[in-house]
Amino acid sequence: MRFRHPDGTTVHLAYCTNVHPAETFDGVLAQLRDHCEPVRRRLGRDRLGIGLWLARDAARTLAADPSALRTLRDELDRRGLEVVTLNGFPYEGFGADEVKYRVYEPDWTDPERLEYTTALARVLTGLLPDDVTEGSVSTLPLAWRTAPGPHRALDALRVLGERLDALAELTGRSVRVGLEPEPGCVVETTGDALARLTAIGHPRIGVCVDTCHLATSFEDPRRALDALTEAGVPVVKAQLSAALHAGQPHLPEVRRALAAFAEPRFLHQTRTLTAAGLRGTDDLDEALTGDALPDAAPWRAHFHVPLHAAPAPPLTSTLPVLKTALARLVGGPRPLTRHLEVETYTWQALPPELRPRTRDRLADGIAAELTLARDLLTDLGLKELP
């Protein structure tokens, strides 16, 4: 979906396909047929943007085989889909029964992360629509916090910047890569991102702002985005997502409601803001165990809940944080980013009674999220384009 900002800029809205498990080239083609095109049809649009997730095997196939890349591009066109951004955070196994800490492997201290991200950038230059010259890739925030050798990660990003420059000169298309701050990682907040990225100082490497992560870390979205702007660090893309919010975690009924979201597949880092600063646990079940986390103030958990359907009381979502961030991202005289991506990958990790049981129900939910995002953008003065 495309929107015209009042300054004339085109802003792209997509949804991320990491919600659909697929590891291979054939699996990606099946995604387009079984999931993405049905979402487009529900929205009544001739064209729908998707933030494509390409796992290791699919990325290698597409980078090595020009005919496979042409086939994918043809399938996108045939099904009324377009790609301007890739999700390069998960490497493989994102559809496994248990992901947890594995999602951070390989990290930016491992040469394979550099090779994978380089392949994604090359593939993206071949997938961009004919009238688009700039693409984006989101990536993990260097490493999980316990990883050794963070200096190696920065060195790898410097090499990536050189490769992106060469790719732009070769293809005439610019690809930028954004670190996605996430609780528990070396780069947990936008402040952490600023400290690393100013040391690199490369215009093609910036930040991917995920509004669920921003909210989980209790960052003020205006202050965070203003700091990035003042430092000249580009917001490469923004992922529109909402975290789980518990206003009174000391109450037994709130604990019971939270426990329904503690599941074995993904990591749900949980945070609370105290007078002494931010406190947290690596997962939601840890927070619910004993006195692991103070409960005098609200808790927020890294659980991407559907944008259009907040959890039932006594829980809610951080949708207000998303709205505030979006107003700063694209509601001003100039957009801070041109790539927006709805990223709710946790549909099948929701409590059983909230999970979509069929492809049709999942497509309905994704379409509803995109409709909400579209309405937020038009309320900010952007005009939806055909």
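Residues numbered from 1 in each chain as written. Predicted model: local features only at pLDDT ≥ 70, side-chain atom pairs only at ≥ 80, totals over all residues. Heavy atoms only, no water.

What follows covers the overall build of the protein. Secondary structure assignment for the protein yields twelve helices and 15 strands. Principal axes of the C-alpha set define a box for the protein whose edges measure 55 × 45 × 45 Å. In the protein, which comprises 386 residues, the share counted as buried stands at 61%. Restricting the contact set of the protein to residue pairs at least 6 apart, pairs at least 24 apart contribute 79%. Roughly 14900 Å² of accessible area belongs to the protein as shown, and the carbon and sulfur atoms make up 50% of that amount. (Helix = DSSP H or I, 4+ residues; strand = E, 2+ residues; numbered from the N terminus. Buried < 20%, exposed > 50% of the residue type's maximum accessible area, 1.4 Å probe, protein only. Contact = heavy atoms within 4.5 Å. Areas by Shrake-Rupley, 256 points an atom, 1.4 Å probe, with all protein chains shown as cover.)

Interaxial distance between helix H6 (residues 190-200) and helix H8 (residues 221-231) falls to 10 Å at its minimum, and their mutual angle equals 10 degrees. Classified by the interaxial angle, the pair formed by H6 and H8 is roughly parallel. Contacts from Thr190, Leu194 and Thr198 of H6 reach H8 at Ala224, Ala227, Leu228 and Ala231. Class assignment of the residues belonging to the contact of H6 with H8 gives a composition of five nonpolar, two polar and no charged. (Axes fitted to C-alpha atoms, helices over the stretch in contact; angles between N-to-C directions. Parallel < 35°, antiparallel > 145°, perpendicular 65-115°, else oblique. Nonpolar A, V, L, I, M, F, W, Y, C, P; charged D, E, K, R; others polar.)

A word on the nonpolar core. Ranked by size, the top nonpolar core spans 122 residues in total, and within it Leu13, Tyr15, Leu54, Leu72 and Leu370 carry the most contacts. Of the residues forming this core, the biggest block, nine residues, is contributed by helix H12 (residues 359-379). Setting aside chain neighbours within four positions, we find leucine 370 in contact with Met1, Leu13, Ala14, Tyr15, Val39, Leu43, Leu48 and Val342. (Core = buried A, V, L, I, M, F, W, Y, C linked by side-chain atoms within 4.5 Å.)

So, on to the packing of helix H1 (residues 25-43) against H12. At a closest axis distance of 9 Å, the pairing of H1 and H12 adopts a crossing angle of 55 degrees. As the angle between them shows, H1 and H12 are arranged oblique. Our pair here, H1 against H12, has a crossing hand that is right-handed. Along the contact surface, H1 presents Asp34, His35, Val39, Arg42 and Leu43, while H12 presents Arg359, Asp360, Leu362, Ala363, Asp364, Ile366, Ala367, Leu370 and Thr371. By residue class, the composition of the contact of H1 with H12 is seven nonpolar, two polar and five charged. (Left-handed = near helix turned anticlockwise from the far one by under 90°.)

Attention now moves to the pattern of salt bridges. Per the stated rule, a full pass over the model turns up 31 salt bridges. With its nearest N and O atoms 3.6 Å apart, the salt bridge here joins glutamate 37 to arginine 40. On the criterion of helical spacing, the pair formed by glutamate 37 and arginine 40 is a turn pair, its members being three residues apart in helix H1. Under the relative-accessibility criterion, glutamate 37 is labelled buried at 9%. The shortest N-O distance in the salt bridge between arginine 79 and glutamate 75 comes to 3.1 Å. (Salt bridge = Lys/Arg side-chain N within 4 Å of Asp/Glu carboxyl O.)

For the rest of this paragraph, the subject is the side chain of serine 217. With respect to the helices, strands and loops of the structure, serine 217 is situated in the loop between helix H7 (211-216) and H8. A residue is classified by how much of its surface remains accessible, and serine 217, at 6% relative accessible area, is buried. Leaving out residues up to four positions away in the same chain, serine 217 has contacts with Pro183, Glu188, Thr189 and Leu278.

One open sheet accounts for five strands, arranged E11-E10-E12-E9-E13; its pairing is antiparallel. Either end of the sheet is taken by a strand with one partner, and the two such strands are strand E11 (277-281) and strand E13 (315-317). Neighbouring strand axes in the sheet, compared pairwise and without regard to direction, differ in orientation by 30 degrees on average. Taken together, the three bridges between strand E10 (residues 270-274) and strand E12 (residues 299-305) define a ladder with antiparallel strand orientation. Across the sheet, the residue bridging to arginine 271 is arginine 300, located in E12. (Pairing = 2+ DSSP bridges.)

To continue, consider the packing of aromatic side chains. Inspection of every chain in the model, using the stated rule, returns nine aromatic pairs. Look at phenylalanine 261 and phenylalanine 303: their rings are 5.2 Å apart centre to centre, the planes differ by 90 degrees, and that puts the pair in the edge-to-face class. Placement of the pair is phenylalanine 261 in the loop between helix H9 (252-259) and E10 and phenylalanine 303 in strand E12, with a sequence separation of 42 residues. For the cation-ring pair, arginine 300 lies above phenylalanine 218, with the distance from its terminal atom to the ring centre recorded as 4.4 Å. (Phe/Tyr/Trp six-rings, centres within 6.5 Å; stacked < 30°, edge-to-face > 60°. Lys NZ or Arg CZ within 6 Å of the ring centre and 35° of its normal.)

Another aspect to go through is the side chain of histidine 202. Among the secondary structure elements, histidine 202 is positioned in the loop between H6 and strand E7 (205-210). At 3.2 Å, the side chain of histidine 202 and the backbone oxygen of glycine 161 are in polar contact. The contact partners of histidine 202, leaving out residues within four places of it in the chain, are Gly161, Glu162 and Asp165. (Polar contact = N/O pair within 3.5 Å; in protein donor to acceptor, adjacent residues only side chain to side chain.)

Right, let's talk about H6 for a bit. When H6 is considered as a whole, its buried residues turn out to be Thr190, Ala193, Leu194, Leu197 and Ile200. For H6, the buried positions fall inside an angular range of 130 degrees around the axis, keeping them on one side. Looking at the buried positions of H6, the neighbouring elements they touch are helix H5 (150-171), strand E6 (174-179), E7, H7 and H8. Glycine 201 lies just past H6 and shows a positive phi near 65 degrees. (Arc of directions from axis to C-beta.)

A word on the pairing of E12. Taking burial as the measure, the seven residues of E12 include seven buried ones, the bulk of the element. Of the two faces of E12, the one lined by Trp299, Ala301, Phe303 and Val305 and the one lined by Arg300, His302 and His304 are each fully buried. Note that strand E9 (residues 242-246) and E12 share four bridges and pair antiparallel. Paired with alanine 246 across the two strands is tryptophan 299, which belongs to E12.

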